[in-house]
Amino acid sequence: MFEFIDIGIKDIIDIVLVALMLFYVYRLMKESRSLNVFIGIIMFVVVWLFVSQILEMKLLGSIMDKLVSVGVIGLIVLFQEEIRKFFYNVGSQQRMRALRRILTLGRSHSGDRDAKKTMMPVVMACMNMSRRKEGALIVIERSIPLDDIVQTGDVIDSNVSQRLIENIFFKNSPLHDGAMIISDARIKAAGCILPVSHDLDIPKELGLRHRAAMGVSQESDALAIVVSEETGGISVASRGHFSLHLTAEALESILSKELA
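Keep in mind that what you see is a predicted model, and the values were worked out from it rather than measured. (Residues numbered from 1 in each chain as written. Predicted model: local features only at pLDDT ≥ 70, side-chain atom pairs only at ≥ 80, totals over all residues. Heavy atoms only, no water.)

Before going further, it helps to examine the overall build of the protein chain. A tally of helices and strands in the protein chain yields ten helices and seven strands. Counting only residues that meet the buried cut, the protein chain has 35% of its 260 residues in that class. Taking the contacts inside the protein chain whose residues are at least 6 apart along the sequence as the reference set, 61% of them involve residues at least 24 apart. Surface summary for the protein chain: the accessible area is close to 16,700 Å², and the carbon and sulfur share equals 62%. (Helix = DSSP H or I, 4+ residues; strand = E, 2+ residues; numbered from the N terminus. Buried < 20%, exposed > 50% of the residue type's maximum accessible area, 1.4 Å probe, protein only. Contact = heavy atoms within 4.5 Å. Areas by Shrake-Rupley, 256 points an atom, 1.4 Å probe, with all protein chains shown as cover.)

What follows concerns the environment of Glu219. Of note, Glu219 is situated in helix H9 (residues 208–219). Classification of Glu219 by relative accessible area gives partly exposed; the value is 28%. Spatially, the C-alpha atom of Glu219 lies 8.3 Å from that of Pro195, the residues being 24 residues apart in sequence.

What follows deals with the sheet that holds strand S6 (residues 234–238). Reading across the sheet, the seven strands line up as S2-S4-S3-S1-S5-S6-S7 and stay open at both edges, with mixed pairing between neighbours. Of all the strands in the sheet, the pair left with one neighbour each is strand S2 (154–159) and strand S7 (241–243). Ignoring which end each strand starts from, the neighbouring axes of this sheet average 20° apart. Taken together, the four bridges between strand S5 (residues 223–227) and S6 define a ladder with antiparallel strand orientation. Across the sheet, residue Ile225 finds its bridge partner in S6, namely Val236. In the packing of H9 onto the sheet, contacts are made with strand S1 (136–140), S5, S6 and S7, and the angle to S5 comes to roughly 175°. The strands that helix H10 (residues 248–259) touches are S1, S5, S6 and S7; relative to S5, the one it contacts most, it runs at about 165°. (Pairing = 2+ DSSP bridges. Axes fitted to C-alpha atoms, helices over the stretch in contact; angles between N-to-C directions.)

What follows is about H10. In an α-helix, one full turn covers 3.6 residues, which means residues spaced three or four apart are oriented alike. Across its twelve residues, H10 extends 16 Å between first and last C-alpha, which sits within 8% of the 16 Å expected from 1.5 Å per residue. Buried residues of H10: Leu251, Ile254, Leu255 and Leu259, and no others. Mapping the buried residues of H10 onto a view down its axis gives an arc of 105°, with all of them on the same face. Those residues of H10 that are exposed and angled more than 90 degrees off the buried face are Glu249 and Lys257. (Expected span 1.5 Å × (residues − 1). Arc of directions from axis to C-beta.)

A separate point is the environment of Met214. Considering the arrangement of structural elements, one finds Met214 in helix H9. Beyond its immediate stretch of four places on either side in the chain, Met214 contacts Ser197, Ile202, Ala237, Gly240, His241 and Phe242.

On to the pairing of S5. By the criterion of burial, S5 is predominantly enclosed, with five of the five residues buried. Alignment of S1 against S5, held across five bridges, turns out to be antiparallel. Bridge pairing in S5 places Val139 opposite Ala224. With antiparallel pairing between neighbouring strands as the criterion, S5 and S6 make up a hairpin whose turn holds six residues, including Gly232 at a positive phi of roughly 80°.

Let's shift gears to the pattern of salt bridges. Using the criterion set out here, one finds seven salt bridges in the structure. For Arg132, the salt bridge goes to Glu166, with nearest N and O atoms at 3.1 Å. With Arg132 in helix H6 (residues 108–132) and Glu166 in helix H8 (residues 162–168), this residue pair connects regions lying 34 residues apart in the sequence. With a closest N to O distance of 4.0 Å, Asp157 and Lys188 form a salt bridge. Linking Asp157 in strand S2 with Lys188 in strand S4 (residues 186–192), this pair joins segments that are 31 residues apart in sequence. On the accessibility criterion, Asp157 (40% relative accessible area) is partly exposed. In this structure Lys188 comes out as partly exposed when scored by relative accessible area, which is 26%. Through salt bridges that share partners, Arg132, Glu134 and Glu166 make up one connected network. (Salt bridge = Lys/Arg side-chain N within 4 Å of Asp/Glu carboxyl O.)

Moving on: unusual backbone geometry. Phi at Lys133 takes a positive value of approximately 55°, unusual for a residue other than glycine. Positionally, Lys133 belongs in the loop between H6 and S1. You can call Lys133 partly exposed: its relative accessible area is 40%. Despite not being glycine, His245 has its phi angle at roughly 55°, a positive value. Within the element layout of this structure, His245 appears in the loop between S7 and H10. Overall, His245 belongs to the exposed group, its relative accessible area being 70%.

Laid out in structure tokens, this is it:
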């Protein structure tokens, strides 16, 4: 009289994984203000399954099948930034970073030396620019290459020098409005254009430099250091989070911890 559905451990795991995936996509869409689009897609999928699988309407079902096959490509184009952010978040988890450290174990000592060569000139330059209230935006590349951003500015390829950093961000310098990119203990380029974050959570008193710093920290694992032109305050953006109103000691501590 009643048919019992045979559900095994594998089916339960399958359902839980699908639920977790949908929940993660929901959170991602909510953060990017695309929640209504996500709800519309879910409603369309439900109607499509109802029409094609339950009601078995062949004509309407075939039309919706074609829409689904074409719509997948459209969704990839429409949500390319969200998809990129999803895979970045997956790769930036603790276990993945630990795996990268194991794979690059042979280069760890040279990386520590490069970090020490980079850190002190940057800290000293930031403190001097902070006292003079000269705006600056310095991005330190880590494991994710920033070659596409380097190409938007003027290539310098010089050793990291406190005097050079201060000269580049001097108010009359033609490169002071853009970002400086530091990679492998060298200043790669200056005057670079960064992706700007549109997060509503960023305090309104923070300007375009801070939004650019947040943008590059969300799309890569780079560290972005900002010196405010209005207040002289020093901030660091890392993994989509700000550390504000930093002293020289606090800045040095963050750089030594993140770059080691």
